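Architecture and fold: a report
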Amino acid sequence: MAARTLVLHCDNSIREILSRATREYAHAAYPEGGSECAQVARYTLLNVADDIDAAIESDAGEVRVSRRIRTNLKAALAYHFDLIDAASGHGSAVQRELFAGLLKGEAVNVADLEAARAADIDAADSQE
């Protein structure tokens, strides 16, 4: 039987991004007053963001979330990076890959994120 939880191994900087992305996506994709199903999705995502925030406060080494929410977390991260791409004018392909790895169980830390950001900026500069 497959594990029912997804273990996210990341430091607090990564958790903060994941929490913010999840919360922003919940509000954007499932606004208040929507259908019952949409409200359940919104509630679930906001609870996941709260769980991630609790892990930040406790400085836990990992965060456990239901595997069922992985698709929603992918969508939240895509939304987050779409907003960043629009604001910055360059892509975030390496950062997106980094967070995709996180959702597959790979460990991610702030140094990994900084390297991914630098790679994305370098890629944008080489295209100019």
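Here the structure is shown first, and the text comes after it.
As a starting point, this report considers the structure included with it. Please read these numbers as outputs of a predicted model, since none were measured by experiment.

So, on to the nonpolar core. A general tendency of soluble globular proteins is for nonpolar side chains to be buried together. Ranked by size, the top nonpolar core spans 32 residues in total, and within it Leu-8, Val-65, Phe-99 and Leu-102 carry the most contacts. If you list the elements that add at least two residues to this core, you get strand 1 (5–8), helix 1 (12–29), helix 2 (36–58), strand 2 (63–66), helix 3 (70–88), helix 4 (93–102) and helix 5 (110–127). When residues of this core are assigned to their parent elements, the largest contribution, 8 residues, is made by helix 2.

The next thing to look at is the packing of aromatic side chains. Per the counting criterion, the structure on display carries 3 aromatic pairs. Measuring from ring centre to ring centre gives 6.1 Å for Tyr-25 and Tyr-30, while their planes differ by 85°; the resulting arrangement is edge-to-face. Overall, the relative accessible area of 15% leaves Tyr-25 in the buried class. Chaining the aromatic ring pairs together yields one cluster made of Tyr-25, Tyr-30 and Tyr-79.

What counts, and at which threshold
Residues numbered from 1 in each chain as written. Predicted model: local features only at pLDDT ≥ 70, side-chain atom pairs only at ≥ 80, totals over all residues. Heavy atoms only, no water. Core = buried A, V, L, I, M, F, W, Y, C linked by side-chain atoms within 4.5 Å. Buried < 20%, exposed > 50% of the residue type's maximum accessible area, 1.4 Å probe, protein only. Helix = DSSP H or I, 4+ residues; strand = E, 2+ residues; numbered from the N terminus. Phe/Tyr/Trp six-rings, centres within 6.5 Å; stacked < 30°, edge-to-face > 60°.

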